[in-house]
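For reference, the chains in residue letters:
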Amino acid sequence: MADDAKTPAPPPPPGGEKKPTAQKPAAPVPDPPPVKPVAPVAPAKPAVPADSATPPNPAAPAKPAGPVPLLWTSPLVEKYRSQYGTALEGQTYLGQNYLTVKSELIPNILRLLRDDEQFDYCVDITAVHYPKREKQFDVLWILYSFPRNERIRLTTQIADGASIPSSVSIWPTANWLEREVYDMFGIQFEGHPDLKRILLPDGWKGFPLRKDYGILQQDKEWVQINLGIESGQ
Amino acid sequence: MSAPTGEDTKNISHLAAPNRENSNRENSDRGETEGKNVGGNDLTFANPDKTYLDSNELIINMGPQHPATHGVLRVILKLDGEKVLGTECIIGYLHRGVEKIAENRTYTMFNPYVDRMDYVAAVSNGLGYCEAVEKLLNVEATPRAKYIRVILTELNRIASHQLWLGTHALDIGAMTPLFYTFRDREEILKIFEKYCGARLTTHAFRIGGCQYETYAGFEKEVKNFLIFVAPKINEYETLLTTNRIWMERTKNVGVISAADAIALGVTGPVLRASGVKWDLRKAQPYAAYSEFDFEIPVGTNGDTYDRYLVRMAEMRQSLRIIEQAVNGIPEGPIMAKVPKVIKPPVGEIYHSIESPKGELGYFIVSDGSTQPYRLRVRPPSFVNLQALDVMVRGLLVADVVAVIGTIDIVLGEVDR
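Below is a short write-up of the structure. (Residues numbered from 1 in each chain as written. Chains lettered and ligands numbered in written order. Predicted model: local features only at pLDDT ≥ 70, side-chain atom pairs only at ≥ 80, totals over all residues.)

**Remarks on the nonpolar core**
Thought 1: By size, the foremost hydrophobic cluster in this structure holds 160 residues, and its most contacted members are Leu 143 of chain A together with Val 133, Ile 151 and Ala 261 of chain B.
Thought 2: A total of 14 residues in this core trace back to one element, the largest contributor, which is helix α4 (residues 143–172) of chain B.
Thought 3: Aside from chain neighbours lying at most four places away, what touches Ile 151 of chain B is Val 222, Ile 322, Ala 325 and Val 326 of chain B. (Core = buried A, V, L, I, M, F, W, Y, C linked by C-beta atoms within 7 Å. Buried ≥ 20, exposed ≤ 12 C-beta atoms within 10 Å, placed from the backbone. Helix = DSSP H or I, 4+ residues; strand = E, 2+ residues; numbered from the N terminus. Contact = placed C-beta atoms within 7 Å.)

Structure representation (structure tokens):
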């Protein structure tokens, strides 16, 4: 996402990756790629006066170009940037702040955010798969601070097969959340007390939320042995 | 309750509940202190307590086909006689791969799927999803749509709490509340049915606003419902609030401290009953909630009884919100200007709402196409269920049933 800030061109790297199985119905035909951001935006301007009920909202600012991630400047970011330099970058998109950090920083920065910045509530941990990237996975922590009433997202990139330190010792809630990330993406969390599948059965093969896992794909062998049927489809 | 196990007898009798050794707090006499976390509890689930006099531990499966698990939850209980030493939840029996489906559907096509996660609060799910996509599109629903959304969502909150109360009380052995709550919930479902044709999986909202204008007489019916249901909530309370059996089955049962609740990411009424005054409708208002006057009910002890009181108070607060909203529905369009083909610009967004069960969040990654590149649901039930182990340790098997009920999980949302 870092590249987005520098080049707000419509097809930035993460977006450029097409879904392997996605059949996009009718969409590509009327829309030549460069006009992309205009499509969802256009209606705001040519609105007839009758629609004046809508305007107080974001219709006015910055529509034609489409929103782009901006640099997020805050004491928090500056403090950590002075400490970690370019290993950490703060951005904001549509009013939501996120930090992009190098994966080496991971356990430390999370602990600092909890202890020093009062981000005491780990809302969610999840991942996103970008198969064409060298470091295939984005791992995300969504944090919230009760005292500050503020949300922050933390993103890091890791390669397929690489592991990442577990944050169970920082927020016990990470236990199940990390298990789900492992279950769906196959990302290993080092130091997790009990890293095993949570939603899928223990013997299942494959990680369904990876992009190369088809929507109809299943572990046929597991289905045959455990359910006694040829196929679950 | 059944056979004593050589344990101090005051632990066994439910009639002595108030004197019961303060449930999960007291693990220290077993010398189990390693691995303890913020709130003094072992939150890593790694070290079940040792049995009394090293008697044999008993491993028992509860569920997945067990009426008190509210669906297909399997809990493996490790027991010392009747005392719970540790639990493990086995979930996933209802897993449908909702997040994978989302990646293969357009934004509009995916909208009905969210109703099937928390199916007793489908309207809330729809609201969260629609608002998340709207945020991604950088549009906002019209004021009229927002008011309609608030009314329906709060009606749904009441319906969800009613269903919770009925089944929870039934689990504990009180049969009558179930009939009362289902009788009254029916009135809400009738309003839903008249509004959008569906009673449970409503698909009431669309990205950008609402599909349907309110039907003739909608406001009157909602107002009539408010008049109808307010005394009914008192009626539930006459059955339970000071009922001796109810109090002894719920007081000091399933205690979770505020620190533990926060560390475990617990949200919703469970968190508020532990004394944390936090509600997303106030903290980060969405829809039209900033325009209404209401309070956040909180508990003090964090036990099952307080959670009951908090939810009862929440139903009354919902009535307050609905009353203000239905008297002030603004005129105007119900749909904002949204393109026919929804193609959000490239970007990531997280949006969450206060569903009846807690913080329901949607994290959406758009690659600029008509389908989400990644859609993550942050389900409150899933995260709250994780606290079950902390809440039931040291209690009796019958209390496990009470605690599962009090967390208010919906397995459709836990498993997705």
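**Some thoughts on unusual backbone geometry**
Thought 1: Even without being a glycine, Gln 118 of chain A presents a positive backbone phi close to 65°.
Thought 2: Summarising the element assignment, Gln 118 of chain A is placed in the loop between α4 (106–115) and β4 (121–129).
Thought 3: For Gln 118 of chain A, a count of 14 C-beta atoms within 10 Å gives the class partly exposed.
Thought 4: Backbone geometry places Ala 287 of chain B, a non-glycine residue, at a positive phi of 40°.
Thought 5: Within the fold, Ala 287 of chain B resides in the loop between α10 (280–283) and α11 (304–326).
Thought 6: C-beta crowding within 10 Å serves as the criterion here: with 21 such atoms nearby, Ala 287 of chain B is assigned to the buried category.

**A short note on the environment of Pro 67 of chain B**
Thought 1: Here Pro 67 of chain B shows up in the loop between β1 (58–62) and β2 (74–80).
Thought 2: In the structure, Pro 67 of chain B is positioned 334 residues away from Val 401 of chain B in sequence and 9.6 Å away in space, judged by C-alpha atoms.

**Some words on the sheet that holds strand β5 (residues 137–145) of chain A**
All names here are of chain A.
Thought 1: Taken in spatial order, the six strands line up as β1-β2-β3-β6-β5-β4 in an open sheet, and their pairing is mixed. Of all the strands in the sheet, the pair left with one neighbour each is β1 (70–71) and β4.
Thought 2: By the bridge criterion, eight bridges tie β4 to β5 in an arrangement that is antiparallel. In the sheet register, Ile 125 faces β5, and the bridge partner there is Trp 141.
Thought 3: Set on the sheet, helix α5 (residues 174–185) makes contact with β4 and β5; between it and β4 the angle comes to about 5°. (Pairing = 2+ DSSP bridges. Axes fitted to C-alpha atoms, helices over the stretch in contact; angles between N-to-C directions.)

**Regarding the packing of α4 of chain B against α11 of chain B**
Residue and element names in this part refer to chain B.
Thought 1: At their nearest, the axes of α4 and α11 sit 9 Å apart, and the two run at 160° to each other. With respect to each other, α4 and α11 are oriented roughly antiparallel. Helix-helix and strand crossings are classified by hand; for α4 and α11 the assignment is left-handed. Contacts between α4 and α11 involve Tyr 147, Val 150, Ile 151, Glu 154, Leu 155, Arg 157, Ile 158, His 161, Trp 164 and Leu 165 from the first element and Arg 311, Glu 314, Met 315, Ser 318, Ile 321, Ile 322, Ala 325 and Val 326 from the second.
Thought 2: Partitioned by chemical class, the residues of the contact of α4 with α11 number twelve nonpolar, two polar and four charged. (Parallel < 35°, antiparallel > 145°, perpendicular 65-115°, else oblique. Left-handed = near helix turned anticlockwise from the far one by under 90°. Nonpolar A, V, L, I, M, F, W, Y, C, P; charged D, E, K, R; others polar.)

**Looking at the environment of Asp 160 of chain A**
Residues and elements named next belong to chain A.
Thought 1: With respect to the helices and strands, Asp 160 occurs in the loop between β6 (150–158) and β7 (163–165).
Thought 2: Taking the number of C-beta atoms within 10 Å as the measure of exposure, Asp 160 has 15 and is therefore partly exposed.
Thought 3: Along the primary structure Asp 160 and Arg 210 are separated by 50 residues, whereas in three dimensions their C-alpha atoms are 11 Å apart.

**A closer look at the environment of Asp 80 of chain B**
Thought 1: Inspection of the secondary structure puts Asp 80 of chain B in strand β2.
Thought 2: A residue is classified by how many C-beta atoms lie within 10 Å of it, and Asp 80 of chain B, with 23 of them, is buried.

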